[in-house]
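# Close look at the chain arrangement
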Amino acid sequence: MTAVLGRVGPMYASLARDLQRLVEDGAVAADARMPSERVLARVLGVSRVTVASAYRELREQGVLTSVHGAGTFVVPRSDTRPWGRLVTGDGPDVLEFVNAAPPASSFLGAAYEAAARGIATTSAHPGYVPGGAFRLREAIARRYTARGLPTTADQIMITAGATDAIHAVVAALVGPGNRVLVEHPTYPGALDTLRAVGATCIPVALDPSDPDAFVDAADRAARQHDPVLAYLMPDHANPSGTVLPTDTRRRLAATLHRRGVVTVIDEVSVDLDLDGHGPTEPFGAPVPDRAAVTVGSLSKSVWGGLRVGWVRADAAHLAAVATVYSARQLTVSLIDQYAAIELLGDYEAVVAHRCDQLRASRDALTSALTRSLPDWSFRSPSGGLSLWCTLPAGERSTELVDRARERGLMLAPGTRFGTGYAFDDCQRIPFTRTPEEIEDAVAVLAELMGGANAGPRERVPSRAVPEAVV
Ligand SMILES: Cc1ncc(COP(=O)(O)O)c(C=O)c1O
């Protein structure tokens, strides 16, 4: 009996473990102030000594820090690894799986040729088009209207990609110290942009197998934290691939609007519907126009090198965003905009071609993982660009990524997609490369994990790769 009880360990240690897990899951935000020992002891019905010992344990592990007179805080985790959004060194021996960026569309060349001819006829034009070319804004507005969100050209502002759009929206609507709800896991670029303006990101757990629970969690977080904004990807979220069902998105839109939260909807992957489920209702459709600001781009359906994105908003929000944007950018490249007009003219074919490519790569990835890494778990997404995997117990993505890098396979660690310590047990794998490259990448992973079916492949690169850069 004593021996059995001895295995349970002291109570403070299990409390420390539970608290650490909450921090790692992002339920307690990085840099959050912890409750005082007295308050937590009362809430949990344990002695103050137990809480004090658990806090001491977590301080020793570097999870918490105490500031005299101010309280105990979660230590913000600063990821200083060279995992920026982009990497260099994509040589023949490198398998670059950091970015979920597909190759250029085969429609691109013809679009630029037509754009060049168009430019040749406008040589008298000064070349600056603040807000964007009217025909492009009109084409984008028509697509929103067709999807059920009536939109006019003057509700669209063209930007150099969605990144530029998110920057402008955040700069216009978020100030230092403001709180912003983010689905969790989320797109790292949005976290970076929000942090850069001094915002605090409030993570709201998004479970792809239970998106409905997200509505209540977002409602609770909105009530508790009084955020100014929520940043969401209702269609094929990066990295989880989640699509919010119509009822869920309607409830979520209404809930956030009722709480006075403006929602920024990132739709860069909206068209990547690989299983043909058909178009979804735009998030902003059931709520007043001012409730949602939408950003989009052609980076995923066409190419990240085509820097054309946009903001869609009501007049007041768009004016605020345009004021910020015009202070740092006079115009988006006109030839890129002309190419975008061409591409949107045949957009169904462009998207169908991209989806065929991504579907083949997704299917190659899911079968390679199922075959070679059966203890990794994932849900096969119906669209988007990546698979979000849970690693077997005890495996850490940060360590796996380091080891993979030595073998020429570059991946972004799961922690890039969360706040605090979250998602070191998860791994994103983009399916934007060819099925052959995907097979190679999974072979490297299987070998690193000591998988049973992990025979090294001929083309698996073995030499170290150059440093990635932000
Ligand atoms: C969700 C999300 N938003 C925005 C972007 C950036 O898009 P763009 O290349 O148009 O700036 C990405 C690119 O990975 C993304 O995944």
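The rules behind these values
- Residues numbered from 1 in each chain as written.
- Predicted model: local features only at pLDDT ≥ 70, side-chain atom pairs only at ≥ 80, totals over all residues.
- Heavy atoms only, no water.
- UniProt positions renumbered as here; feature names shortened; annotations may be inferred.
- Helix = DSSP H or I, 4+ residues; strand = E, 2+ residues; numbered from the N terminus.
- Buried < 20%, exposed > 50% of the residue type's maximum accessible area, 1.4 Å probe, protein only.
- Phe/Tyr/Trp six-rings, centres within 6.5 Å; stacked < 30°, edge-to-face > 60°.
- Pairing = 2+ DSSP bridges.
- Axes fitted to C-alpha atoms, helices over the stretch in contact; angles between N-to-C directions.
- Left-handed = near helix turned anticlockwise from the far one by under 90°.
- Contact = heavy atoms within 4.5 Å.
- Nonpolar A, V, L, I, M, F, W, Y, C, P; charged D, E, K, R; others polar.
- Lys, Arg positive; Asp, Glu negative; His and termini not counted.
- Salt bridge = Lys/Arg side-chain N within 4 Å of Asp/Glu carboxyl O.
- Polar contact = N/O pair within 3.5 Å; in protein donor to acceptor, adjacent residues only side chain to side chain.

Naming follows an unreviewed UniProt entry, where the protein chain appears as PLP-dependent aminotransferase family protein of Rhodococcoides kroppenstedtii. UniProt, in its Sequence similarities (unreviewed entry) section for the protein chain, records the words "In the C-terminal section; belongs to the class-I pyridoxal-phosphate-dependent aminotransferase family."

What follows covers the overall build of the protein chain. Of regular secondary structure, the protein chain possesses 15 helices and 14 strands. Across the 470 residues in the protein chain, those meeting the buried criterion constitute 51%.

A separate point is the packing of aromatic side chains. Inspection of the entire model under this criterion finds two aromatic pairs. Ring geometry for Trp388 versus Phe417: centroids 5.5 Å apart, planes at 65 degrees, classification edge-to-face. Separated by 29 residues along the polypeptide, Trp388 in strand S12 (residues 386-390) and Phe417 in the loop between strand S13 (409-411) and strand S14 (426-430) bring together distant segments of the chain. Considered together, Trp388 and Phe417 belong to a single accessibility category, that of buried residues.

Before going further, it helps to spend a moment on the pairing of S14. With respect to burial, S14 is a largely interior element, five of its five residues being buried. Where burial is concerned, the two faces of S14 agree: the one with Cys426, Arg428 and Pro430 and the one with Gln427 and Ile429 are both buried. Inspection of the sheet shows S12 paired to S14 by five bridges, in the antiparallel sense. For Trp388, the partnering residue across the bridge sits in S14 and is Arg428.

A few words on the packing of helix H6 (residues 134-147) against helix H12 (residues 334-345). Axes are the key here: two packed helices are described by the angle between their axes and the distance separating the axes. Between H6 and H12, the shortest axis-to-axis distance is 9 Å and the interhelical angle comes to 35 degrees. The handedness of the crossing between H6 and H12 comes out as left-handed. Of H12, the residues touching H6 (which contributes Arg135, Leu136, Ala139, Ile140 and Arg143) are Gln337, Ala340, Ile341 and Leu344. Partitioned by chemical class, the residues of the contact of H6 with H12 number six nonpolar, one polar and two charged.

Further remarks concern the side chain of Asp273. As for its placement among the helices and strands, Asp273 is situated in the loop between strand S8 (262-266) and strand S9 (292-297). Buried and unpaired, Asp273 has no salt bridge, with Arg359 as the nearest side chain of opposite charge at 7.8 Å. One polar contact links the side chain of Asp273 to the main-chain amide nitrogen of Gly276, over a distance of 3.3 Å. Excluding residues within four positions of it along the chain, Asp273 makes contact with His236, Gly278, Cys355 and Ser382.

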